Amino acid sequence: MAVSAAAAPAAEPLPRSIFKKFLVMLCSLLMSLYVFYCLADRCQTLPGPIIAAGAASEEEEGGGGGYLGGSAELPPWQAAAARRKRLLQRLKQRRRRQEAAPGEEVPAGGGGSRAGGSGGGGGSAAGTPGTLTLLLGEGTKRLPQAIIIGVKKGGTRALLEFLRVHPDVRAVGAEPHFFDRNYERGLAWYRDLMPRTLEGQITMEKTPSYFVTKEAPARISSMSKGTKLIVVVRDPVTRAISDYTQTLSKKPDIPTFESLTFKNRTTGLIDTSWSAIQIGIYAKHLENWLLYFPIGQILFVSGERLISDPAGELGRVQDFLGLKRIITDKHFYFNKTKGFPCLKKAEGSSKPHCLGKTKGRTHPDIDQEVVQRLRDFYRPFNMKFYQMTGQDFGWD
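Below, the structure is looked at part by part. Note that this is a predicted model, so its numbers are computed, not measured.

## A few points about the overall build of the chain
- Assigned secondary structure in the chain consists of 14 helices and 11 strands.
- Per-residue burial for the chain yields a buried fraction of 44% across its 396 residues.
- Within the chain, residue pairs in contact and separated by at least 24 positions form 71% of the contacts whose partners lie at least 6 positions apart.
- Within the structure as shown, the chain displays about 20,400 Å² of accessible surface, and the carbon and sulfur contribution to it stands at 57%.

## What to know about the environment of I277
- Relative to the helices and strands, I277 is located in helix α10 (residues 275-278).
- The spatial distance from the C-alpha of I277 to the C-alpha of L260 is 9.4 Å, given a sequence separation of 17 residues.
- Every residue in contact with I277, bar those within four places of it in the chain, is listed here: T261, I270, D271, T272, L374, F377 and Y378.

## Some points on the state of the cysteines
- This model, assessed by the stated rule, comprises 1 disulfide.
- Two residues, C342 and C354, share a disulfide whose sulfurs are 1.7 Å apart. Between C342 and C354, the S-S torsion sits near 105°, and that sign places the bridge as right-handed. Separated by 12 residues along the polypeptide, C342 in strand β11 (residues 340-343) and C354 in the loop between β11 and α14 (368-389) bring together distant segments of the chain.

## Re the pattern of salt bridges
- Across all of its chains, the model carries 15 salt bridges by this definition.
- Of the charged contacts in the structure, one is a salt bridge between E199 and R142, with a shortest N-O distance of 3.6 Å. Here E199 is found in the loop between β4 (196-197) and β5 (202-206), whereas its partner R142 is found in the loop between β1 (140-141) and β2 (146-150), with 57 residues between them in sequence.
- Taking relative accessible area as the criterion, R142 reaches 22% and is therefore assigned partly exposed.
- Between D367 and R265 there is a salt bridge whose closest N-O contact spans 3.3 Å. Remark: R265 occurs in the loop between β7 (262-264) and β8 (269-270) and D367 occurs in the loop between β11 and α14; sequence separation between them is 102 residues.
- One salt-bridge network, in which partners are shared between bridges, spans K152, R239 and D243.

## A closer look at unusual backbone geometry
- Here the residue pair G150 and V151 is connected by a cis peptide bond, since its omega of -5° sits within 30 degrees of zero.
- In this model, K153 sits at a positive phi of 60°, which is unusual for a non-glycine residue.
- Mapped onto the elements of the fold, K153 is located in the loop between β2 and α5 (156-163).
- Look at H177: it is not a glycine, yet its phi comes out positive at around 50°.
- Its location among the elements puts H177 in the loop between β3 (169-171) and α6 (187-193).
- With relative accessibility at 5%, the residue H177 sits in the buried group.

## Thoughts on α14
- With 22 residues, α14 extends 29 Å from end C-alpha to end C-alpha; this agrees with the ideal 32 Å at 1.5 Å per step.
- The largest bend in α14 is about 40°, located at R379, with the proline P380 one to four residues further on.
- Of the positions making up α14, those classed as buried are V370, V371, L374, F377, Y378, N382, F385, Y386 and T389.
- Two to three positions downstream of the cap, the backbone nitrogen of E369 sits 2.9 Å from a side-chain oxygen, assigning the N-cap of α14 to D367.

Rules of the game
- Residues numbered from 1 in each chain as written.
- Predicted model: local features only at pLDDT ≥ 70, side-chain atom pairs only at ≥ 80, totals over all residues.
- Heavy atoms only, no water.
- Helix = DSSP H or I, 4+ residues; strand = E, 2+ residues; numbered from the N terminus.
- Buried < 20%, exposed > 50% of the residue type's maximum accessible area, 1.4 Å probe, protein only.
- Contact = heavy atoms within 4.5 Å.
- Areas by Shrake-Rupley, 256 points an atom, 1.4 Å probe, with all protein chains shown as cover.
- Disulfide = S-S within 2.5 Å.
- Salt bridge = Lys/Arg side-chain N within 4 Å of Asp/Glu carboxyl O.
- Expected span 1.5 Å × (residues − 1).
- Bend = angle between axes of the 7 residues up to and from the residue.
- Polar contact = N/O pair within 3.5 Å; in protein donor to acceptor, adjacent residues only side chain to side chain.

Printed below as a string of structure tokens:
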């Protein structure tokens with residue numbers, strides 16, 4: 001038995017050539033996994049598209065810009081790849097639109113929505129790289145050159161949404177409230193809220209409460225004396241009722257409009273300390289602004305005409321901002337259900353867009369004697385406001 005065991009042949013070692021091949025394959029596999037991991041991590045960290053913050057604010061709910069989002073169900077690196085694929089498709093669509101003859105309609109699906117704004121609005125050679133630059137997180141954050149300062153329930157959200165269709169306008173969706181509530185945070189904080197812009201684009205924001213904030217004019221002037229200001233005004237009686245309606249939707253147990261309007265219903269003395277009434281004394285608030293800004297640096301937009309003729313009012317706004325008149329009648333359609341004009345294609349979307357359900361609420365029935373008393377109260381202030389602005393808004 002011992003002889004037999006000794007005579008048994010020893011196991012042959014693994015040939016060196018096969019061992020080398022195995023090591024090469026293992027190294028290749030490890031390298032592939034490492035490269036795949038790096039690419040996945042790179043996709044995750046690449047700058048994504050600029051998302052317009054359309055969060056509703058405390059005073060003006062609704063709104064919100066479009067975005068190029070990915071599916072939340074995909075892994076982050078796949079979602080990033082999907083976003084970039086959609087971006088390239090939209091850039092191709094935009095090139096088709098820009099190359100189309102003036103006045104020529106691009107077929108459905110080729111209209112190319114604008115996501116995040118682009119530079120110029122001119123030819124495709126300049127426009128497409130500008131869009132790509134913005135969407136990849138480049139450009140510069142600047143303090144706003146124009147601000148919509150008022151008034152609450154006047155139509156400021158609608159105006160901002162309409163303006164954001166313009167390729168040379170970039171705006172914050174949510175209201176920053178910097179010059180009334182957050183001034184102590186400093187200009188660096190304020191600038192960081194702004195979207196990135198390219199050379200030639202205008203940075204904007206809107207906070208309607210600025211118009212009635214005593215400190216706001218001096219603070220904005222301190223930031224830049226050349227800031228252009230826009231005020232959307234509306235029949236102060238209708239505006240007050242709309243203001244009350246919004247509050248009522250949040251606090252159903254508040255007193256009636258009639259009881260809040262008067263200090264004493266018997267004497268008919270109007271309670272001007274109630275904010276819904278005070279905001280509509282436009283002449284009083286404007287006097288404060290004229291201490292810091294010339295009247296020519298403030299544009300007054302009619303909230304009524306913004307509904308009846310949105311393209312006309314937007315034309316005036318574009319002229320005031322020094323922009324090419326790109327937003328025209330073809331951008332709007334009238335929604336009979338809401339009673340408001342809507343965009344055929346909003347920023348960042350190829351679909352029609354109307355303001356949210358918080359806009360166009362049905363007003364409660366108000367005692368007509370109270371309405372008439374308010375009209376009488378506002379009339380002298382309205383007349384003074386017409387004289388100060390050089391515009392008759394036809395509220396009387």
